[in-house]
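Commentary on secondary and tertiary structure
The primary structure of each chain is shown beneath.
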Amino acid sequence: ATTAPRIPPTRLALHHFDVSYSLQLKDLWPSVRAGLLCEQKYGALINNFSPVDHVTQELELLNATDFVSEAPKKAQRLQQGAAAEEAGRGDSRSQEGSGEGRTVTQAEMSPPLRASISSNIKCYTFPRGDITRFRPARPDTLGLLDYYLMDAASLLPVLALNVQLDDFVLDLCAAPGGKTLALLQTGVCGHLAANDISISRTKRLHQILHSYVPKEIRETVSVTSCDGRDWGQLEGGTFHKVLVDVPCTTDRHSVMEEDNNIFHRRRTKERQMLPMLQLQLLMAGILATKPGGEVVYSTCSLSPLQNEYVIERAVEIAETQFNIRVHVEDLSHFRTLFQDTFSFFSDCRLGELVLPHLTANFGPMYFCKLRRM
């Protein structure tokens, strides 16, 4: 008997996305699809532990800019323009009314815009439509590499976490290590715990720390290989900030790479169980957080089943099973701040979603911030 032709997992993934994402993203899907199938755009996360001046000068000469420090400046200019416009209208309109649809004034919008940015993180990107590639990272005199190439959208969950001086921080699913490295670049973590269930992936995390971080700083990071789902029982209520960057369908990888593809037929069950695993990891993250602490949940998938639905279910379970109230924080100011660098999905019910786009081919990246009350 002839066997059925083997359909590559990349084709299965694309078919699956065509069915589900065309319903979710509607007219936007063809453009997002094109982005997913084209070369990804990178950002260069500057290594603050290496002498950075010559690197930043080199990148600026190539017309790259640090999107993190540029964003508040642009937003401030926008706000000043809006405030001037508002003032210009003066009393020409009635003072009453709901105020719906009016321009947000500078005074109302500035605090979250200023507060949301960790200024120590520097990540250079090329402008929209510029597909220049960064050179590979080079070691400095101490052997530390000068920058780390990553999807610049992966920094948004770290920026949303907004680590403050001496915070105890947990990166629950830390490997391969880009976000862990970014957390260290803030320079303010009181203690950083980096965990990943996979021992082989944890080795990659160790390599990254070794390549970028001096020994005395590396020694302040505790790297573990536990099942993240158990973390709430291991060390409950101890962290100020927790990053839960969960395993997901890694949409870009799934349509581009045969290797380690979750759409492989033998991994069907694993794929179907992802939302459950994601929920368990998010619950562990919430339980590991001190009251008043914050959790950022993130995926590199467009799927609402892995994004908003997981958030809603976690909020519900925290309340009903653990008597913990969790508040979903508003991150819409990230759209204002970073609209020049990334394409955001405007209809995301909870959290924010970066959509791949041919002129700004970062993402997908979903991130949502929760506060444990």
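Given the structure is predicted, the values throughout are model-derived calculations rather than measurements. (Residues numbered from 1 in each chain as written. Predicted model: local features only at pLDDT ≥ 70, side-chain atom pairs only at ≥ 80, totals over all residues. Heavy atoms only, no water.)

**Section: helix α2 (residues 29-36)**
- Listed in full, the buried residues belonging to α2 are Trp29, Val32, Gly35 and Leu36. For α2, the angular spread of buried residues about the axis comes to 120°, placing them on one side.
- Packing partners of the buried residues in α2 comprise α1 (9-25), α11 (251-256) and β12 (352-355). (Buried < 20%, exposed > 50% of the residue type's maximum accessible area, 1.4 Å probe, protein only. Helix = DSSP H or I, 4+ residues; strand = E, 2+ residues; numbered from the N terminus. Arc of directions from axis to C-beta. Contact = heavy atoms within 4.5 Å.)

**With respect to the packing of aromatic side chains**
- Evaluation of the coordinates by the stated rule reveals 15 aromatic pairs.
- On the numbers, 5.6 Å between centres and 85° between planes, the contact of tyrosine 148 with tyrosine 212 is edge-to-face. Linking tyrosine 148 in strand β4 (residues 147-150) with tyrosine 212 in helix α8 (residues 199-212), this pair joins segments that are 64 residues apart in sequence.
- Since its relative accessible area comes to 12%, tyrosine 148 is described here as buried.
- With 6.4 Å between their ring centres and 70° between their planes, tyrosine 297 and tyrosine 366 make a pair best called edge-to-face. Note that tyrosine 297 is positioned in strand β9 (residues 289-299) and tyrosine 366 in strand β13 (residues 365-372), a separation of 69 residues in sequence.
- By the ring-pair criterion, three or more aromatic residues cluster together here, those being Phe67, Phe334, Phe338, Phe342, Phe344, Phe362 and Phe367.
- Above the ring of tyrosine 309, the side-chain terminus of arginine 349 is found at 5.4 Å from the ring centroid. (Phe/Tyr/Trp six-rings, centres within 6.5 Å; stacked < 30°, edge-to-face > 60°. Lys NZ or Arg CZ within 6 Å of the ring centre and 35° of its normal.)

**Here we look at the side chain of aspartate 66**
- Position of aspartate 66 relative to the elements: it lies in strand β2 (residues 65-66).
- One buried charged side chain, aspartate 66, makes no salt bridge at all; its nearest oppositely charged neighbour is lysine 122, positioned 6.5 Å away.
- Engagement of the side chain of aspartate 66 in a polar contact is seen with the backbone nitrogen of valine 68, the distance being 3.1 Å.
- Once residues lying within four places of it in the same chain are set aside, the contact partners of aspartate 66 are Ile121, Lys122, Cys123 and Tyr124. (Lys, Arg positive; Asp, Glu negative; His and termini not counted. Salt bridge = Lys/Arg side-chain N within 4 Å of Asp/Glu carboxyl O. Polar contact = N/O pair within 3.5 Å; in protein donor to acceptor, adjacent residues only side chain to side chain.)

**Some words on the packing of helix α13 (residues 274-288) against helix α14 (residues 308-322)**
- Between α13 and α14, whose axes approach to 10 Å, the crossing angle comes to 50°. As the angle between them shows, α13 and α14 are arranged oblique. At the point where α13 passes α14, the crossing takes the right-handed sense. Mapping the contact onto sequence places Pro275, Gln278, Leu279, Leu282, Met283, Ile286 and Leu287 in α13 and Val310, Ile311, Arg313, Ala314, Ile317, Ala318 and Phe322 in α14.
- A per-class count over the contact of α13 with α14 returns 12 nonpolar, one polar and one charged. (Axes fitted to C-alpha atoms, helices over the stretch in contact; angles between N-to-C directions. Parallel < 35°, antiparallel > 145°, perpendicular 65-115°, else oblique. Left-handed = near helix turned anticlockwise from the far one by under 90°. Nonpolar A, V, L, I, M, F, W, Y, C, P; charged D, E, K, R; others polar.)

**Topic: the sheet that holds β4**
- In space, the four strands of this open sheet follow the order β2-β3-β1-β4, with antiparallel pairing throughout. Edge strands, defined here as strands with exactly one partner in the open sheet, are β2 and β4.
- Note that strand β1 (residues 43-46) and strand β3 (residues 123-125) share two bridges and pair antiparallel. Within β3, the residue paired with alanine 44 across the bridge is tyrosine 124.
- Running over the sheet, helix α3 (residues 53-61) touches β1, β3 and β4 and is turned about 160° from β1. (Pairing = 2+ DSSP bridges.)

**Looking at the pattern of salt bridges**
- A complete count under the given rule lists 18 salt bridges for this structure.
- Across the salt bridge formed by arginine 201 and aspartate 196, the nearest N and O atoms sit 3.7 Å from each other.
- Classification of arginine 201 by relative accessible area gives partly exposed; the value is 40%.
- Here glutamate 294 ties to arginine 371 by a salt bridge, and the two come within 2.6 Å at their closest N and O atoms.

**What to know about the packing of α1 against α2**
- One way to put it is that α1 packs onto α2 with a least axis distance of 9 Å and a crossing angle of 140°. Considering only the axes of α1 and α2, their crossing is right-handed. Where α1 abuts α2, its residues Leu14, Phe17, Asp18, Tyr21, Ser22 and Leu25 lie against Trp29, Val32 and Arg33.
- Considering only residue class, the contact of α1 with α2 consists of six nonpolar, one polar and two charged.

**Observations regarding the nonpolar core**
- Judged by nonpolar contacts, the single largest core of 47 residues is most densely connected at Phe67, Leu156, Phe338, Phe342 and Phe367.
- Looking at this core, the elements that each hand over two or more residues are α4 (67-89), β4, α6 (155-161), α7 (178-185), β6 (191-195), α8, α15 (333-338) and β13.
- In terms of residue count, the dominant contributor to this core is α6 (six residues).
- Counting residues in each nonpolar core, the second largest holds 46 residues, with Leu170, Cys173, Phe239 and Ala318 among its members. (Core = buried A, V, L, I, M, F, W, Y, C linked by side-chain atoms within 4.5 Å.)

**Structural notes on the environment of valine 244**
- Following the sequence through the fold, valine 244 ends up in strand β8 (residues 239-245).
- Owing to a relative accessible area of 0%, valine 244 belongs among the buried residues under this scheme.
- The sequence separation of valine 244 and valine 315 amounts to 71 residues, and the corresponding C-alpha distance is 15 Å.

**Thoughts on the state of the cysteines**
- Per the counting criterion, the structure on display carries zero disulfides.
- Here cysteine 38 stays unpaired: no disulfide links it, and the sulfur of cysteine 300, its closest cysteine neighbor, is 18 Å away.
- Here cysteine 189 is not cross-linked by a disulfide; its sulfur's nearest cysteine counterpart is in cysteine 173, at 17 Å. (Disulfide = S-S within 2.5 Å.)

**Observations regarding the side chain of threonine 299**
- By the secondary structure assignment, threonine 299 is in strand β9.
- Ignoring sequence-local partners within four residues, the contact set of threonine 299 consists of Asp245, Val246, Cys248, Gln306, Asn307, Pro364, Met365 and Tyr366.

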